[in-house]
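Observations on the model geometry
Next come the chains, spelled out residue by residue.
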Amino acid sequence: KNVVSYFKDINASGNYLLGLINDILDMSRIEQGKMDIYNKYEEFDEMTRSVEVVIKPLAERKNVEFNIIRIGEAPQWVYLDKLRAQQVYINILNNAIKFTESGGKVEWEIKSEMLSNNTVKVISRISDTGCGMSESFLERIFEPFAQEQNSLVNARQGTGLGLAIAKEIVEAHGGTISIKSVPNFGTDVIITLPTKENDNI
């Protein structure tokens, strides 16, 4: 190995350890009832672009096709905690890529529904053509530290806290998250986030 390879290994290990620490800290806050949500008006397209910047290189590195599909007109401004919302989308998309073989596909379909009182519901469907999950695992998928063994990932696949944290963040926004999966055929994750739209900004 050359020096650049060693630095890349060190950087990857550092990022992995940082991710573990952040997950454990977030779970500790949740258990103490201190999951803080700081909502403010954010530009919706800018938020999704920030997620794409993180996810696209991961997909390219693994030779997984990644597409963002917008259905209808998205709201310009949404009222939510941008960092927490991005954390949810990045976690789910990263999982989708992780459990999809080279040559597979991951799609992030985004649409919105206008509700009453200037409220909009943002609906994301994240689907992959990956290995899927067993029915027995789906029953406990949102439990802390839940992991299903799979040959597509190595032993350092994470803490098993990501989905538990994502569920807490979504529900703290008043939203929902659901997962459907078929072994060897892929997984669909549906995330809904009700939020306020402000046309006066």
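As shown above, the structure is provided for reference.
Residues numbered from 1 in each chain as written. Predicted model: local features only at pLDDT ≥ 70, side-chain atom pairs only at ≥ 80, totals over all residues. Heavy atoms only, no water.

Quick notes on the environment of T119
Just so we agree on the cut-off: Numbering of helices and strands starts at the N terminus; helices are DSSP runs of H or I of at least 4 residues and strands are runs of E of at least 2. Residue contacts are counted whenever heavy atoms from the two residues lie within 4.5 Å of one another.
Within the secondary structure, T119 sits in strand β5 (residues 119–128). It is 9.5 Å that separates the C-alpha atoms of T119 and Y79, two residues lying 40 residues apart in sequence. Not counting residues up to four positions away in its chain, the partners in contact with T119 are E113, M114, T195 and K196.

Overview of the environment of V64
Keep this limit in mind: Three exposure classes are used, based on accessible area relative to the maximum for each residue type with a 1.4 Å probe and protein chains only: buried under 20%, partly exposed in between, and exposed over 50%.
You can see V64 is positioned in the loop between α2 (44–62) and β2 (65–71). You can call V64 buried: its relative accessible area is 6%. Separated by 32 residues in sequence, V64 and A96 place their C-alpha atoms 9.9 Å apart. Discounting chain neighbours no more than four positions away, the residues touching V64 are A59, T100, E101, G104, K105 and V106.

Considering the packing of aromatic side chains
Each aromatic ring pair is specified by the distance between its two centres and by the angle formed by the two planes. Formally: In this analysis, rings of Phe, Tyr and Trp, with Trp reduced to its six-membered ring, are considered paired at centre separations within 6.5 Å, and the interplanar angle assigns stacked below 30 degrees, edge-to-face beyond 60, and tilted for intermediate values. Geometrically, a charge over a ring is one whose NZ (Lys) or CZ (Arg) sits within 6 Å of the ring centre while staying within 35 degrees of the ring normal.
What the rule picks out here adds up to 2 aromatic pairs. Summarising the aromatic geometry, the rings of Y41 and Y79 are spaced 4.9 Å apart at their centres and angled 50 degrees between planes, so their arrangement reads as tilted. Of this pair, Y41 sits in strand β1 (residues 40–43) while Y79 sits in strand β3 (residues 77–80); the two residues are 38 residues apart in sequence, bridging distant segments of the chain. For Y41, a relative accessible area of 27% corresponds to the partly exposed category. The ring of F142 has K167 sitting right over it, with the charged end atom 5.9 Å from the ring centre.

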